[in-house]
Amino acid sequence: MGLRDIKLKEEYRSDRDDIVTEFFFPCLSHCIEYDRCVDFLSIHALTTISMAFENFSGGNAKLRMITGHRFRTADLNLFTKLFSEKFTKPFEGKSIQNSKIQKLQDIVNNGQIELKIAIPNSEQIANSFSERIGIFRDGDDQAVAFTGTSRESFSTQTRDFESVDVFTSWNDKSRVERKMQDFQDLWNNKTKHVEVYDFMFAEENNLLKYSSEWIMQD
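Predicted model only: the values in this text are computed from it and were never measured.

**Description of helix α3 (residues 73-83)**
Phase 1 of the analysis: For α3, the complete set of buried residues consists of D75, L76, F79, T80, L82 and F83. Buried positions in α3, seen along its axis, are confined to an arc of 160° and lie on one side of it.

**Looking at the sheet that holds strand β6 (residues 133-137)**
Phase 1 of the analysis: One open sheet accounts for eight strands, arranged β1-β8-β7-β6-β2-β3-β5-β9; its pairing is mixed. Looking along the sheet, the strands with just one partner apiece sit at the ends: β1 (11-13) and β9 (194-198). Averaged over all neighbouring strand pairs, the angle between strand axes comes to 15°, with direction disregarded.
Phase 2 of the analysis: Bridging between strand β2 (residues 33-38) and strand β3 (residues 62-67) involves six bridges; their strand directions are parallel. Following the sheet pairing, R36 is matched in β3 by M65.

**Considerations on the nonpolar core**
Phase 1 of the analysis: Judged by nonpolar contacts, the single largest core of 44 residues is most densely connected at F23, Y34, F79, F136 and F199.
Phase 2 of the analysis: Setting aside residues up to four positions removed in sequence, F136 forms contacts with L3, F23, F24, C27, L28, C31, E33, Y34, Q142, A143, V144 and F146.
Phase 3 of the analysis: Counting 15 residues, the second-largest nonpolar core is a separate cluster that includes A118, F129, A145 and V194.

**Some points on the pattern of salt bridges**
Phase 1 of the analysis: All chains considered together, the criterion is met by twelve salt bridges.
Phase 2 of the analysis: Here E114 makes a salt bridge to K62, at a shortest N to O gap of 2.6 Å. On the criterion of sequence distance, the pair formed by E114 in strand β5 (residues 113-120) and K62 in strand β3 is long-range, its members being 52 residues apart.
Phase 3 of the analysis: E114 gets classed as partly exposed once you look at its relative accessible area, which sits at 30%.
Phase 4 of the analysis: Close ionic contact of R175 with D172 constitutes a salt bridge, the shortest N to O distance being 3.8 Å.
Phase 5 of the analysis: Here R175 falls in the partly exposed class, since its relative accessible area comes to 33%.
Phase 6 of the analysis: Assessed through its relative accessible area of 24%, D172 is described here as partly exposed.

**Structural notes on the layout of surface pockets**
Empty space left among the atoms is revealed by rolling a probe the size of a water molecule over them.
Phase 1 of the analysis: Put simply, the largest pocket is a space of about 280 Å³.
Phase 2 of the analysis: Forming the walls of the largest pocket are 14 residues, and the residues nearest its centre are F83, I113, E114, L115 and M200.
Phase 3 of the analysis: Residue assignment for the lining of the largest pocket shows that the elements contributing at least two residues are α3, α4 (96-109), β5 and α6 (199-204).
Phase 4 of the analysis: In terms of residues, the lining of the largest pocket owes the most to one element, β5, which gives four residues.
Phase 5 of the analysis: The class makeup of the residues in the lining of the largest pocket is eight nonpolar, two polar and four charged.
Phase 6 of the analysis: Of the volumes computed, that of the second largest pocket is approximately 180 Å³.
Phase 7 of the analysis: Lining the second largest pocket, in full, are I6, L8, K9, E10, V166, F167, T168, W170, N171 and D172.
Phase 8 of the analysis: Taken together, the residues of the lining of the second largest pocket break down into five nonpolar, two polar and three charged.

**Brief notes about the environment of A61**
Phase 1 of the analysis: One can find A61 in the loop between α2 (43-52) and β3.
Phase 2 of the analysis: With 50 residues separating them along the chain, A61 and G111 place their C-alpha atoms 9.6 Å apart.

**Observations concerning the side chain of K116**
Phase 1 of the analysis: Inspection of the secondary structure puts K116 in strand β5.
Phase 2 of the analysis: Classification of K116 by relative accessible area gives buried; the value is 13%.
Phase 3 of the analysis: Each residue touching K116, except ones within four places of it in the same chain, is listed here: M65, I66, T67, W187, V196, Y197, D198 and F199.

**Notes on the side chain of D75**
Phase 1 of the analysis: Residue placement: D75 occurs in helix α3.
Phase 2 of the analysis: A polar side-chain atom of D75 sits 3.1 Å from a polar atom in the side chain of R72.
Phase 3 of the analysis: Not counting chain neighbours up to four residues away, the residues in contact with D75 comprise L41, S42 and I43.

Reading the values: the criteria
Residues numbered from 1 in each chain as written. Predicted model: local features only at pLDDT ≥ 70, side-chain atom pairs only at ≥ 80, totals over all residues. Heavy atoms only, no water. Buried < 20%, exposed > 50% of the residue type's maximum accessible area, 1.4 Å probe, protein only. Helix = DSSP H or I, 4+ residues; strand = E, 2+ residues; numbered from the N terminus. Arc of directions from axis to C-beta. Pairing = 2+ DSSP bridges. Axes fitted to C-alpha atoms, helices over the stretch in contact; angles between N-to-C directions. Core = buried A, V, L, I, M, F, W, Y, C linked by side-chain atoms within 4.5 Å. Contact = heavy atoms within 4.5 Å. Salt bridge = Lys/Arg side-chain N within 4 Å of Asp/Glu carboxyl O. 1 Å grid on protein atoms, 1.4 Å probe; cavity = no way out; pocket = protein on both sides within 12 Å on 5 of 7 lines; lining within 4 Å. Points joined across faces, edges and corners; volume = space filled by probe spheres on them. Nonpolar A, V, L, I, M, F, W, Y, C, P; charged D, E, K, R; others polar. Polar contact = N/O pair within 3.5 Å; in protein donor to acceptor, adjacent residues only side chain to side chain.

This is the structure:
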(Lines give C-alpha, C1' and ligand atoms only; values in the text may rest on other atoms or scores of the structure.)
Protein backbone atom coordinates (compact mmCIF):
# COMPACT_ATOMS: atom_id res chain seq x y z
CA MET A 1 0.00 0.00 0.00
CA GLY A 2 1.13 3.53 -0.75
CA LEU A 3 0.19 7.13 -0.05
CA ARG A 4 -2.57 7.11 -2.66
CA ASP A 5 -4.37 4.46 -0.62
CA ILE A 6 -4.94 6.95 2.20
CA LYS A 7 -8.11 9.00 2.10
CA LEU A 8 -6.55 12.43 2.50
CA LYS A 9 -8.24 15.78 2.97
CA GLU A 10 -6.94 19.07 1.58
CA GLU A 11 -6.88 20.59 5.05
CA TYR A 12 -6.83 19.38 8.64
CA ARG A 13 -7.69 21.72 11.51
CA SER A 14 -7.63 21.14 15.25
CA ASP A 15 -11.27 22.08 15.84
CA ARG A 16 -12.58 19.34 13.56
CA ASP A 17 -9.76 16.83 12.99
CA ASP A 18 -7.25 14.77 14.93
CA ILE A 19 -4.25 15.81 12.86
CA VAL A 20 -1.90 13.23 14.36
CA THR A 21 -4.05 10.10 13.99
CA GLU A 22 -5.84 11.12 10.80
CA PHE A 23 -2.90 12.57 8.87
CA PHE A 24 0.59 12.12 10.33
CA PHE A 25 0.47 8.50 11.41
CA PRO A 26 -1.22 7.14 8.25
CA CYS A 27 1.30 8.96 6.04
CA LEU A 28 4.22 7.73 8.15
CA SER A 29 3.01 4.14 7.89
CA HIS A 30 2.67 4.35 4.09
CA CYS A 31 5.91 6.10 3.13
CA ILE A 32 9.59 5.21 2.87
CA GLU A 33 11.01 8.76 3.02
CA TYR A 34 10.01 11.67 5.22
CA ASP A 35 11.56 15.15 4.95
CA ARG A 36 10.58 17.65 7.63
CA CYS A 37 11.32 21.22 8.70
CA VAL A 38 10.38 22.17 12.25
CA ASP A 39 11.19 25.03 14.60
CA PHE A 40 11.75 22.78 17.64
CA LEU A 41 12.55 19.09 17.93
CA SER A 42 12.30 16.95 21.05
CA ILE A 43 13.46 13.44 21.81
CA HIS A 44 9.85 12.47 22.50
CA ALA A 45 8.77 13.60 19.02
CA LEU A 46 11.64 11.76 17.32
CA THR A 47 11.02 8.51 19.19
CA THR A 48 7.30 8.74 18.35
CA ILE A 49 8.13 9.18 14.66
CA SER A 50 10.44 6.17 14.80
CA MET A 51 7.64 4.01 16.21
CA ALA A 52 5.02 5.26 13.74
CA PHE A 53 7.35 5.01 10.75
CA GLU A 54 6.68 1.32 10.09
CA ASN A 55 9.22 0.99 7.27
CA PHE A 56 12.08 1.84 9.64
CA SER A 57 12.08 -1.72 10.94
CA GLY A 58 12.91 -3.12 7.50
CA GLY A 59 15.89 -0.83 7.15
CA ASN A 60 14.58 0.73 3.95
CA ALA A 61 13.18 4.03 5.25
CA LYS A 62 14.84 7.43 5.60
CA LEU A 63 14.07 10.49 7.72
CA ARG A 64 15.71 13.86 7.11
CA MET A 65 14.94 16.66 9.54
CA ILE A 66 15.91 20.32 9.62
CA THR A 67 15.22 22.18 12.84
CA GLY A 68 15.98 25.47 14.51
CA HIS A 69 18.93 25.82 16.85
CA ARG A 70 17.09 25.99 20.19
CA PHE A 71 16.80 22.88 22.35
CA ARG A 72 15.85 21.88 25.84
CA THR A 73 19.00 20.94 27.72
CA ALA A 74 17.91 17.35 28.38
CA ASP A 75 16.97 16.85 24.72
CA LEU A 76 20.25 18.31 23.49
CA ASN A 77 22.24 15.94 25.72
CA LEU A 78 20.41 12.94 24.26
CA PHE A 79 20.63 14.17 20.66
CA THR A 80 24.38 14.62 21.08
CA LYS A 81 24.74 11.03 22.27
CA LEU A 82 22.53 9.71 19.47
CA PHE A 83 24.40 11.43 16.65
CA SER A 84 27.95 11.36 17.98
CA GLU A 85 30.25 8.70 16.53
CA LYS A 86 32.22 8.87 19.77
CA PHE A 87 29.29 7.69 21.88
CA THR A 88 28.94 3.95 21.49
CA LYS A 89 27.46 2.97 24.85
CA PRO A 90 23.92 1.56 24.52
CA PHE A 91 21.01 3.09 26.39
CA GLU A 92 20.65 0.32 28.91
CA GLY A 93 17.84 0.00 31.38
CA LYS A 94 14.46 -1.59 31.78
CA SER A 95 12.40 1.59 31.46
CA ILE A 96 10.19 2.11 28.43
CA GLN A 97 11.96 5.41 27.75
CA ASN A 98 15.36 3.71 27.57
CA SER A 99 14.08 1.02 25.22
CA LYS A 100 12.56 3.63 22.90
CA ILE A 101 15.79 5.63 22.81
CA GLN A 102 17.80 2.47 22.20
CA LYS A 103 15.61 1.71 19.20
CA LEU A 104 16.15 5.26 18.02
CA GLN A 105 19.91 4.89 18.38
CA ASP A 106 19.85 1.71 16.30
CA ILE A 107 17.99 3.56 13.54
CA VAL A 108 20.45 6.48 13.66
CA ASN A 109 23.42 4.12 13.58
CA ASN A 110 21.89 2.44 10.53
CA GLY A 111 22.00 5.78 8.70
CA GLN A 112 18.23 6.11 8.48
CA ILE A 113 17.93 9.42 10.35
CA GLU A 114 19.82 12.60 9.49
CA LEU A 115 19.49 15.86 11.40
CA LYS A 116 20.52 19.34 10.31
CA ILE A 117 20.28 22.74 11.97
CA ALA A 118 19.15 25.93 10.22
CA ILE A 119 20.32 29.25 11.67
CA PRO A 120 19.31 32.66 10.28
CA ASN A 121 22.26 34.72 9.01
CA SER A 122 20.41 37.85 7.99
CA GLU A 123 19.03 40.82 9.90
CA GLN A 124 15.86 40.34 7.86
CA ILE A 125 15.15 37.13 9.79
CA ALA A 126 14.31 37.48 13.48
CA ASN A 127 14.99 34.94 16.22
CA SER A 128 15.25 31.43 14.78
CA PHE A 129 14.36 29.20 11.85
CA SER A 130 10.67 28.33 11.83
CA GLU A 131 9.69 27.09 8.36
CA ARG A 132 6.88 24.55 8.50
CA ILE A 133 6.91 22.10 5.63
CA GLY A 134 7.02 18.34 5.27
CA ILE A 135 7.12 15.78 2.48
CA PHE A 136 6.23 12.09 2.54
CA ARG A 137 7.34 9.82 -0.34
CA ASP A 138 6.43 6.20 -1.00
CA GLY A 139 7.85 3.34 -3.05
CA ASP A 140 5.59 4.18 -6.00
CA ASP A 141 7.23 7.61 -6.42
CA GLN A 142 4.16 9.38 -5.09
CA ALA A 143 4.46 12.22 -2.60
CA VAL A 144 2.38 14.18 -0.10
CA ALA A 145 3.53 17.63 0.99
CA PHE A 146 2.09 19.74 3.76
CA THR A 147 2.50 23.14 5.38
CA GLY A 148 1.12 24.84 8.43
CA THR A 149 1.95 22.86 11.55
CA SER A 150 4.75 24.23 13.68
CA ARG A 151 6.23 21.00 15.01
CA GLU A 152 5.51 17.35 15.70
CA SER A 153 3.14 17.70 18.66
CA PHE A 154 2.37 14.07 19.39
CA SER A 155 1.18 14.44 22.97
CA THR A 156 -2.35 13.10 23.43
CA GLN A 157 -2.98 15.57 26.24
CA THR A 158 -1.55 18.89 25.03
CA ARG A 159 -1.35 19.92 21.40
CA ASP A 160 -1.16 23.23 19.59
CA PHE A 161 -4.25 24.58 17.90
CA GLU A 162 -3.18 24.42 14.27
CA SER A 163 -4.11 23.65 10.70
CA VAL A 164 -2.36 21.68 7.96
CA ASP A 165 -2.69 22.27 4.23
CA VAL A 166 -2.07 19.10 2.20
CA PHE A 167 -0.90 18.72 -1.41
CA THR A 168 -0.50 15.45 -3.32
CA SER A 169 1.60 14.57 -6.34
CA TRP A 170 -1.44 13.11 -8.10
CA ASN A 171 -3.62 16.23 -7.64
CA ASP A 172 -1.15 19.12 -7.26
CA LYS A 173 2.14 17.94 -8.74
CA SER A 174 3.71 21.36 -9.34
CA ARG A 175 3.21 22.53 -5.76
CA VAL A 176 4.53 19.26 -4.33
CA GLU A 177 7.61 19.50 -6.56
CA ARG A 178 8.18 23.08 -5.40
CA LYS A 179 8.04 22.04 -1.75
CA MET A 180 10.44 19.18 -2.47
CA GLN A 181 12.87 21.58 -4.15
CA ASP A 182 12.57 24.07 -1.28
CA PHE A 183 13.51 21.35 1.19
CA GLN A 184 16.37 20.09 -0.98
CA ASP A 185 17.78 23.61 -1.32
CA LEU A 186 17.70 23.97 2.46
CA TRP A 187 19.31 20.57 2.94
CA ASN A 188 22.13 21.55 0.57
CA ASN A 189 22.54 24.97 2.22
CA LYS A 190 21.43 26.85 -0.90
CA THR A 191 18.74 29.03 0.70
CA LYS A 192 19.17 32.75 1.30
CA HIS A 193 19.08 34.17 4.82
CA VAL A 194 19.88 30.88 6.61
CA GLU A 195 22.92 28.68 7.10
CA VAL A 196 22.33 24.94 7.40
CA TYR A 197 24.76 22.69 9.29
CA ASP A 198 24.99 19.03 10.21
CA PHE A 199 23.81 18.65 13.80
CA MET A 200 27.14 17.48 15.21
CA PHE A 201 29.05 20.30 13.48
CA ALA A 202 26.64 22.83 15.02
CA GLU A 203 26.96 21.22 18.44
CA GLU A 204 30.76 20.95 18.35
CA ASN A 205 31.08 24.57 17.22
CA ASN A 206 28.77 25.97 19.90
CA LEU A 207 26.12 27.14 17.44
CA LEU A 208 23.19 25.74 19.42
CA LYS A 209 21.18 27.44 22.13
CA TYR A 210 19.71 25.50 25.01
CA SER A 211 17.90 26.04 28.27
CA SER A 212 16.26 23.92 30.93
CA GLU A 213 13.57 26.61 31.24
CA TRP A 214 12.21 26.40 27.70
CA ILE A 215 8.86 24.66 27.80
CA MET A 216 7.87 22.98 24.57
CA GLN A 217 4.99 20.58 24.19
CA ASP A 218 5.91 17.08 23.05
